[in-house]
Amino acid sequence: EIEGNGWALVDSFELLTKWYEAELRKFLGTEPLNWAITPMQARAMIREFNDRKAKVVVELGAGLSSLMFRQWAATTGARVYSVDTDPKWLRWVGSLLRAPGLHDTDIHTLDEFRAISTKDMADAVFVDHGVDGSHDTRIRDMPWASDMTKPEGILLIDDWRTHATGTKSTRYAR
């Protein structure tokens, strides 16, 4: 279970999702594809974070998860790194984080984060990135994501059953 006031934050994920989707439509100027995590996925991941008493979470793929994970981190003191391939997208995500008063530090492009990441640095790594929905980036980065994850940590992979990622991702997740 999520301790403290975490439930209040998790319960607001549905509202946060609606706000995010409206902001995303404005940013894109069109109806977005359904790539964001769901409130149910966020709850499950946060339970994993809490079970492991996670202090460092890395998300490869910034967006709605950045808001949800940082909302959780605000109650636990954990550190969340948000990483993505597109600097323009990251600036937009940073502006979304500032709107509800969440911290907008530790936001990096993939190349920037490669330079500062270290082996066994994270209690949890969430892999959900790719250029234009391509899973090639995820497949390429799976060994790196695995190396970043502490031995007792967890490597979470979104969309693992789609495209070629399923076969290649599960090999690194075992």
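The structure under discussion appears in the preceding block.
Residues numbered from 1 in each chain as written. Predicted model: local features only at pLDDT ≥ 70, side-chain atom pairs only at ≥ 80, totals over all residues. Heavy atoms only, no water.

Next up on the list: helix 7 (residues 136-148). Each turn of an α-helix holds 3.6 residues, which means side chains three or four residues apart point in the same direction. With 13 residues, helix 7 should reach 18 Å at 1.5 Å per residue; the first-to-last C-alpha distance of 19 Å fits that figure. For helix 7, the principal kink sits at Met 142 and spans about 50°; a proline, Pro 143, occurs within the next four residues. (Helix = DSSP H or I, 4+ residues; strand = E, 2+ residues; numbered from the N terminus. Expected span 1.5 Å × (residues − 1). Bend = angle between axes of the 7 residues up to and from the residue.)

This part covers helix 2 (residues 13-28). Compared with an ideal rise of 1.5 Å per residue, which puts 16 residues at 22 Å, helix 2 spans 22 Å between its outermost C-alpha atoms and is within 8% of the ideal. Among all positions of helix 2, only Phe 13, Leu 16, Thr 17, Tyr 20, Glu 23 and Leu 24 are buried. For helix 2, the angular spread of buried residues about the axis comes to 135°, placing them on one side. Of the residues in helix 2, the exposed ones pointing more than 90 degrees away from the buried face are Leu 15, Lys 18 and Lys 26. Looking one or two residues past helix 2, Gly 29 carries a phi angle of roughly 75°, positive in sign. (Buried < 20%, exposed > 50% of the residue type's maximum accessible area, 1.4 Å probe, protein only. Arc of directions from axis to C-beta.)

As a further point, take the environment of Asp 86. Mapped onto the secondary structure, Asp 86 falls in the loop between strand 2 (79-84) and helix 5 (87-98). It is 9.7 Å that separates the C-alpha atoms of Asp 86 and Gly 61, two residues lying 25 residues apart in sequence. A distance of 3.0 Å separates a polar side-chain atom of Asp 86 from the backbone nitrogen of Lys 88. (Polar contact = N/O pair within 3.5 Å; in protein donor to acceptor, adjacent residues only side chain to side chain.)

For the rest of this paragraph, the subject is the pattern of salt bridges. By the definition in use, this model includes 8 salt bridges. Residues Lys 26 and Glu 23 are paired through a salt bridge, measuring 2.9 Å at the closest nitrogen-oxygen approach. Here Lys 26 and its partner Glu 23 are both found in helix 2, 3 residues apart, which amounts to about one turn of the helix. The class for Lys 26 is exposed, based on a relative accessible area of 60%. Here Arg 114 makes a salt bridge to Asp 141, at a shortest N to O gap of 2.6 Å. Here Asp 141 lies in helix 7 and Arg 114 lies in helix 6 (residues 110-116), a separation of 27 residues in the sequence. Owing to a relative accessible area of 2%, Asp 141 belongs among the buried residues under this scheme. Residues joined by salt bridges that share partners form a network here, namely Arg 114, Arg 140 and Asp 141. (Salt bridge = Lys/Arg side-chain N within 4 Å of Asp/Glu carboxyl O.)

Time to look at the nonpolar core. In summary, soluble globular proteins display a tendency toward joint burial of nonpolar side chains. One finds Tyr 20, Phe 49, Val 57, Leu 67, Phe 69 and Trp 72 to be the most contacted residues of the largest nonpolar core, which totals 32 residues. When residues of this core are traced back to their parent elements, those giving at least two are helix 2, helix 3 (39-51), helix 4 (64-76), helix 5, strand 4 (122-127) and strand 5 (149-157). Excluding anything up to four places from it in sequence, Tyr 20 contacts Ala 36, Gly 63, Leu 64, Leu 67, Trp 89, Trp 92 and Leu 96. Judged by nonpolar contacts, the second largest core, of 17 residues, contains Leu 110, Met 121, Ala 122 and Val 125. (Core = buried A, V, L, I, M, F, W, Y, C linked by side-chain atoms within 4.5 Å. Contact = heavy atoms within 4.5 Å.)

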